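Now for the letters of each chain:
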Amino acid sequence: MRRAEPSAHIDPSWRELTHGRVVGCDPVPSMHQFDTWEPLLRLLRAEHAKRLAVPGGRVVGRIGRGSWSVPLTRRLPPRGRAAQLEDNRDQHDAVERVRDALIQDGVEAVTFAMETEPTGRTLLHLLGSSTAVEPGVGPHPGALILVEGALPEPWHRLPEPAPEAVPAVSADPAVLGQVLRERLPDAVGATEAEITAAETRLGIALPDELKALYRVTRAKWEDRRGDYDAAQRHSEAVRCELFGLDGVYVAEAVTRECPWRFAATETVDIRPDAAVQGLVGSPGWIVFGDNGGGDRLAVDLTPAPRGHTGQVILISHEESVGAELLADSLTDLMLDRRSAVPRAQEAQRPPAVAWVNGSSLRSVEDAAHPGLEVLSIGVVNGPPLGLAPLMGLPRLRTLAAHTGTLATPWEIGGLTGLEYLELGPREWRLLLDAEAVPRGLSAAAIKVGYGEDPLPVADLANELLALWGRPLIPRTVVEGDLGPPA
């Protein structure tokens, strides 16, 4: 295709891109071929003609293999009839054409921004994925992982010793085995060799109660011969969806995945009056089943001081830290006996996580104390805030600030203990220009508002990634001609 000079309606900054430009190259990936996008671009031009007519005006969207967000108005069906594919066949087919190209090229998702001029000359900006960038919301990048393999501080916390914790008096492998054999007379139990193989794989000895459970039933699907009713009866008998021995795993912190943007705001709470240590994970949490809703059941070999070794805990799939005590022993769980350990009292100390905004704390001074780990600054009623009260706080590791809330953003350069920083584009620009970006960061994020142009945000993200020598977000420009509007 013919290359033309930029016109008043096309942002000339595209000429400065350093990550590739596709102008009639052949062969090129399907995703980078103008023909792949042309049906969708025509629909977008027709619906957003006014926006695209403004100099620098762009239409933005994102398409992935499993979902897509494209600014096209979906036509409603006639009153009294359910929506059908044919109601929006043109939109569906245009998007499917791009999705097929993603699959063919082995790409998970792509953000696009189109701009066009009255003659029909069109530039399509494509933002790919970087292994150093987590998925974000909409067309914008998520957290930037500045250090390979970095995890937030709570993911590094190990259980504290609790030498006073002992097995509950109710723990009785013999009783547990007898009860389960009565409930499951036809069950096939695991052999000692299978139990030993599981222990070798896990690198940890299974507790006696868990061995007693698996000696009665090895929980293999083939033993039920495809009988779903039998599977249901089995789950009712063992009070959970029991994993086979090859599915048992140790719920260490790395098994509990969470995006940096959320994980950086979590804290670990280990209290002397608790039964379960408030950790992300533990080398002593042996997961053996599921409650049917995605939450894991585990035997806890690293309890808090008020707990029992071998107690049963529930690890929620909706939370990233901590676990709930279900029973003092596996025997108690099978006999439906509730734990006798009282709940821990609410902590009577300044919170490790603080919010400064119009409805919470009103100033940074109110939030600052030696135990502060996470500070989030939202919209405040008043002038921008200074960060002087945070200087020297020994545990502060996360700072997130809404755009325009900081009086002197370059003060952040003095917060040398930060591992995660989330700021708006303006604040990041000031830090970069002042060479005040804390180099001890492990991850960072750009806080953007609705409708923010993804191209300058991606450029800003790449500047930050480049400081740490991390893989950049690839940018490609595809040029084509849609011809004058009909």
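Analysis parameters
- Residues numbered from 1 in each chain as written.
- Predicted model: local features only at pLDDT ≥ 70, side-chain atom pairs only at ≥ 80, totals over all residues.
- Heavy atoms only, no water.
- Phe/Tyr/Trp six-rings, centres within 6.5 Å; stacked < 30°, edge-to-face > 60°.
- Buried < 20%, exposed > 50% of the residue type's maximum accessible area, 1.4 Å probe, protein only.
- Lys NZ or Arg CZ within 6 Å of the ring centre and 35° of its normal.
- Helix = DSSP H or I, 4+ residues; strand = E, 2+ residues; numbered from the N terminus.
- Arc of directions from axis to C-beta.
- Pairing = 2+ DSSP bridges.
- Contact = heavy atoms within 4.5 Å.
- pLDDT = per-residue confidence, 0-100.
- Axes fitted to C-alpha atoms, helices over the stretch in contact; angles between N-to-C directions.
- Parallel < 35°, antiparallel > 145°, perpendicular 65-115°, else oblique.
- Left-handed = near helix turned anticlockwise from the far one by under 90°.
- Nonpolar A, V, L, I, M, F, W, Y, C, P; charged D, E, K, R; others polar.
- Salt bridge = Lys/Arg side-chain N within 4 Å of Asp/Glu carboxyl O.

K.L.:
When you look at the packing of aromatic side chains in this model, what are you seeing that I'm missing?
P.N.:
The description of an aromatic ring pair uses the distance of the two centres, along with the angle that the planes make with each other. The final tally for this structure, using the stated rule, is three aromatic pairs. Seen from their ring centres, Trp 221 and Tyr 228 are 5.2 Å apart, and the 55° between their planes marks the pair as tilted. Residue classification places Trp 221 among the partly exposed positions, given a relative accessible area of 39%. A relative accessible area of 66% means that Tyr 228 is categorised as exposed. One cation-aromatic arrangement involves Arg 439 over Trp 468; the distance from NZ or CZ to the ring centre is 4.5 Å.

K.L.:
Explain helix α11 (residues 425-433) here, please?
P.N.:
Residues separated by three or four positions in an α-helix point in the same direction, a consequence of the helix having 3.6 residues per turn. Buried within α11 we find Glu 427, Trp 428, Leu 431 and Leu 432. The arc enclosing the buried residues of α11, seen along the axis, measures out at 135°, which places them on a common side. A positive phi of about 55° marks Glu 435, the residue just after α11.

K.L.:
Looking at this structure, I do not really get the pairing of strand β4 (residues 109-116). What am I missing?
P.N.:
Every other side chain in a regular strand lies on the same face of the sheet, so the side chains alternate between the two faces. Most of β4 is tucked away, with eight of its eight residues classed as buried. Neither face of β4 is open: one carries Ala 109, Thr 111, Ala 113 and Glu 115, the other Val 110, Phe 112, Met 114 and Thr 116, and all of them are buried. Looking at chain direction, strand β2 (residues 59-64) and β4 are connected through six bridges and run antiparallel. Its bridge partner being in β4, Gly 61 is matched across the sheet by Phe 112.

K.L.:
Would you mind going over the pairing of strand β15 (residues 398-401) with me for this structure?
P.N.:
Neither face of β15 is open: one carries Thr 398 and Ala 400, the other Leu 399 and Ala 401, and all of them are buried. With four bridges connecting them, strand β14 (residues 374-377) and β15 associate as parallel partners. When the bridges of β15 are listed, Ser 376 appears paired with Ala 400. Of the strand pairs in this sheet, β15 and strand β16 (residues 420-423) are connected by three bridges, and their pairing is parallel. Bridged to Ala 400 within β16 is Glu 422.

K.L.:
Got a minute to help me understand the side chain of Arg 470 in this structure?
P.N.:
If you trace the backbone, Arg 470 turns up in the loop between α12 (454-467) and β18 (475-481). Dropping the residues within four chain positions of it, Arg 470 is found in contact with Ala 132, Ile 145, Leu 146, Val 147, Glu 148 and Leu 465.

K.L.:
What is the right way to read the confidence of the model for the protein chain from this model?
P.N.:
Close inspection of predicted coordinates is inappropriate in any region flagged by low pLDDT. Put simply, the protein chain has an average pLDDT of 91, and 93% of its residues get 70 or more. Segment residues 1-25: pLDDT under 50, and 63 contacts once partners within four positions in sequence are set aside and those in other chains are kept.

K.L.:
Help me understand the sheet that holds strand β17 (residues 443-446), please; the structure alone is not making it clear to me.
P.N.:
Whenever strands of a sheet pair, they do so through backbone hydrogen bonds, lying parallel or antiparallel. Read across the open sheet, the six strands follow the order β6-β17-β16-β15-β14-β13; overall the sheet is mixed. Only two strands of the sheet have a single neighbouring strand rather than two, namely β6 (144-145) and β13 (353-356). Across the sheet, α11 lies against β16 and β17, angled at about 120° from β16, the strand it touches most. Here α12 sits on the sheet in contact with β6 and β17, set at roughly 165° to β17.

K.L.:
Help me understand the packing of helix α1 (residues 34-47) against helix α3 (residues 89-105) in this model?
P.N.:
When two helices pack together, their arrangement is given by the angle between the helix axes and by the axis-to-axis distance. Close contact between α1 and α3 brings their axes to 9 Å; oriented N to C, the two are set at 150°. Comparing the axis directions of α1 and α3 gives the class roughly antiparallel. Helix-helix and strand crossings are classified by hand; for α1 and α3 the assignment is left-handed. Contacts from Asp 35, Thr 36, Trp 37, Pro 39, Leu 40 and Leu 43 of α1 reach α3 at Asp 90, Gln 91, Ala 94, Val 95, Arg 97, Val 98 and Ala 101. Considered class by class, the residues forming the contact of α1 with α3 number eight nonpolar, two polar and three charged.

K.L.:
I'm lost on the pattern of salt bridges in this one. Help?
P.N.:
Here the idea is simple: oppositely charged side chains can pair when their charged atoms come close. The full count for this structure, using the stated rule, is 31 salt bridges. A salt bridge links Glu 192 to Arg 215; the nearest nitrogen and oxygen atoms lie 2.8 Å apart. In this pair, Glu 192 sits in helix α5 (residues 192-202) while Arg 215 sits in helix α6 (residues 208-216), placing the two residues 23 residues apart along the sequence. In this structure, Glu 194 and Arg 218 form a salt bridge, with 3.8 Å as the shortest nitrogen-oxygen distance. Of the two residues, Glu 194 is situated in helix α5 and Arg 218 in the loop between α6 and α7 (228-238); the sequence distance between them amounts to 24 residues.

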